[in-house]
Amino acid sequence: MSLGERRILLVIGGGIAAYKTLDLIRRLRERGASVRAILTRAAAEFVTPLSVASLTGDKVYQDLFSLTDEAEIGHIELSRAADLLVVAPATANLMARMAAGLADDLATTALLATDKPVLIAPAMNVRMWEHRATRRNLAQLQEDGVLVVGPNEGPMACNEFGFGRMAEPLEIVAAIEKFFDRGDAPQALATPRLASPDPVSAPVTGPQPLSGKRILVTSGPTHEPIDPVRYLANRSSGKQGHAIAGALARLGAEVVLVSGPVALPDPAGVEVVHVETADQMLRACEAALPVDAAICAAAVADWRVASNADEKMKKQPGGEPPSLRLVENPDILATLSHHASARPRLVVGFAAETQNVVEFAITKRIRKGCDWIVANDVSPKTGIMGGDANTVHLITGGNIEDWPEMSKQDVAQRLASRIAGELNATTMTADDMDWDQP
Ligand code: CTP
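In this report, the structure presented in the accompanying data block is examined. (Residues numbered from 1 in each chain as written. Predicted model: local features only at pLDDT ≥ 70, side-chain atom pairs only at ≥ 80, totals over all residues.)

1. Focus on the sheet that holds strand β12 (residues 254–259)
Link 1 in the chain: An order of β13-β12-β9-β14-β17-β18-β20-β21 is seen for the eight strands of this open sheet, with the pairing classed as mixed. For this open sheet the edge positions go to β13 (271–274) and β21 (399–402), each flanked by a neighbour on one side alone. Pairwise comparison of adjacent strand axes, ignoring direction, gives a mean angle of 15° for this sheet.
Link 2 in the chain: When strand β9 (residues 214–219) meets β12, the two strands line up parallel, connected through six bridges. Paired with L216 across the strands is V256, a residue of β12.
Link 3 in the chain: The sheet contacts of helix α10 (residues 239–250) involve β9, β12 and β14 (293–296), and relative to β9 the element is tilted by about 165°. (Pairing = 2+ DSSP bridges. Helix = DSSP H or I, 4+ residues; strand = E, 2+ residues; numbered from the N terminus. Axes fitted to C-alpha atoms, helices over the stretch in contact; angles between N-to-C directions. Contact = placed C-beta atoms within 7 Å.)

Right under this line is the structure:
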């Protein structure tokens, strides 16, 4: 949906999540909305007024007692000349001041002086979010008709884990679109969560930026038979691929997960095709086409035994151990990337490396022809293979992003948001191109 002509007054609070608000501005503007921003004093410690002004294409409002601002546009007019006020990040302090009706700086004054709807995207430490004072303030704000998006669950800048992470920019965009779509029932947006739902089986709620998109994901190892009881395999658990499939489904995508043998439950809301070998995985992937995106997270065995035995191979007393002749398996990622008739719009590979991680991954992306590659260090010391955490680098053409260590669920969620952004992206402008430069 386009947000053309919509006027958003964005209040940026002072939290580490303010960096994500810069991306939010960009996402809103590429959908046609105009964005005017108020920066609290604390917010200016996290993002600069210059970055915000460059992205909004407007001046940034910071000071309640600015003579020039008051002469140009009074603070009352500032909030009236908007269709929606969005507070992101809404810190615990900002929420408390809003709930109390304080007007002790430009942000809270504009929020109190407005007769327009207000949407907040809370972001704070999990204990602050769960504190009874914040619960009271949230309940008060909801009673006052304030809309809420997020927060999400995940690891935090303060090294804790839980609810309190600001909703991703595209989730906030989806909440705004939903508001303008159905402005008559705004409370339906409010889904603040307290307890930690199981991320895989959690019900699908909230915004759906991937609805209408069909996405293929491969996951797990493949098993290449030697004889009816033995096989070649690797240590992949499938945790990362399965988490990605689940995260994409939670954003509304129709997901086909082609999985090698794993000890994991099928993710909720995902169509799962169970396979064993690389050949079977390739056939299942081709049968799933056409898709909008393909994410190849499987650790496909590079080789299979040239001719596997029909019967169990027996030891010969005093004889030589058998030699196995291996032949190369088809490369599923490369096949999808070079597909003549049904190449997905976005193909994402993984690069499991044990040395020169980023350099090898850059070459691998070019060699395989995929658009993005997610590189990770799978040497045993990292514990990534089979573990629950991951440290990845996202390589998108000219750009390399080093993501901090986070859970595989969180990598999945972040990657799914990025995929949603890519699949929903409209025509790039020169400003957008600059944004992506390293
Ligand atoms: N891949 C694939 N089919 C194969 C081998 C790999 O689809 N036969 C995909 C994986 O799913 C992953 C990417 O290719 O997305 C890279 O896998 P990786 O094991 O890191 O690379 P290889 O191609 O096996 O190269 P090498 O072992 O030389 O590092």
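2. So, the site of the ligand
Link 1 in the chain: The ligand sits among 16 residues. The nearest are C296, V300, I332, L333 and G349.
Link 2 in the chain: Counting only elements with at least two residues in the shell around the ligand, the list comes to α12 (332–337) and β17 (346–353).
Link 3 in the chain: Ranked by residues supplied to the shell around the ligand, first place goes to β17 with four residues.
Link 4 in the chain: Tallied by class, residues from the shell around the ligand come to 10 nonpolar, three polar and three charged. (Near = placed C-beta within 6 Å. Nonpolar A, V, L, I, M, F, W, Y, C, P; charged D, E, K, R; others polar.)

3. A closer look at the packing of helix α1 (residues 18–30) against helix α9 (residues 169–181)
Link 1 in the chain: Taken N-terminus to C-terminus, the directions of α1 and α9 make an angle of 45°; their axes are 9 Å apart at the nearest point. Relative to α9, the element α1 is oriented oblique. As α1 runs across α9, the sense of the crossing is right-handed. Contacts between α1 and α9 involve K20, D23, L24, R27 and L28 on the former and, on the latter, P169, L170, I172 and V173.
Link 2 in the chain: Considering only residue class, the contact of α1 with α9 consists of six nonpolar, no polar and three charged. (Parallel < 35°, antiparallel > 145°, perpendicular 65-115°, else oblique. Left-handed = near helix turned anticlockwise from the far one by under 90°.)

4. Considering the environment of V273
Link 1 in the chain: Take V273: it is sitting in strand β13.
Link 2 in the chain: A residue is classified by how many C-beta atoms lie within 10 Å of it, and V273, with 17 of them, is partly exposed.
Link 3 in the chain: Along the chain, V273 and V256 lie 17 residues apart, while their C-alpha atoms are 7.3 Å from each other.
Link 4 in the chain: With residues near it in sequence (within four places) discarded, V273 still touches V256, V258 and A284. (Buried ≥ 20, exposed ≤ 12 C-beta atoms within 10 Å, placed from the backbone.)

5. Some points on the nonpolar core
Link 1 in the chain: With 124 residues, the main nonpolar core has I12, I244 and L248 as its most contacted residues.
Link 2 in the chain: Ranked by residues supplied to this core, first place goes to α9 with seven residues.
Link 3 in the chain: If we ignore the near neighbours within four places in the chain, the residues touching I244 are V217, I295, A297, A412, L415 and A416. (Core = buried A, V, L, I, M, F, W, Y, C linked by C-beta atoms within 7 Å.)

6. Digging into the environment of D227
Link 1 in the chain: Its location among the elements puts D227 in the loop between β10 (224–225) and β11 (231–232).
Link 2 in the chain: For the pair D227 and N308, spaced 81 residues apart in sequence, the C-alpha to C-alpha distance is 5.4 Å.
Link 3 in the chain: When near neighbours in sequence (up to four residues on either side) are disregarded, D227 contacts N308, A309, E311, K312 and M313.

7. Some thoughts on the packing of helix α5 (residues 92–100) against helix α8 (residues 132–143)
Link 1 in the chain: Packing of α5 against α8 leaves a shortest axis separation of 9 Å and a crossing angle of 50°. The pairing of α5 with α8 is recorded here as oblique in orientation. Crossing of α5 against α8: the hand is left-handed. Contacts between α5 and α8 involve A92, M95, A96, M98 and A99 from the first element and A133, T134, N137, L138, Q140 and L141 from the second.

Any functional reading would require information that these geometric values do not contain.
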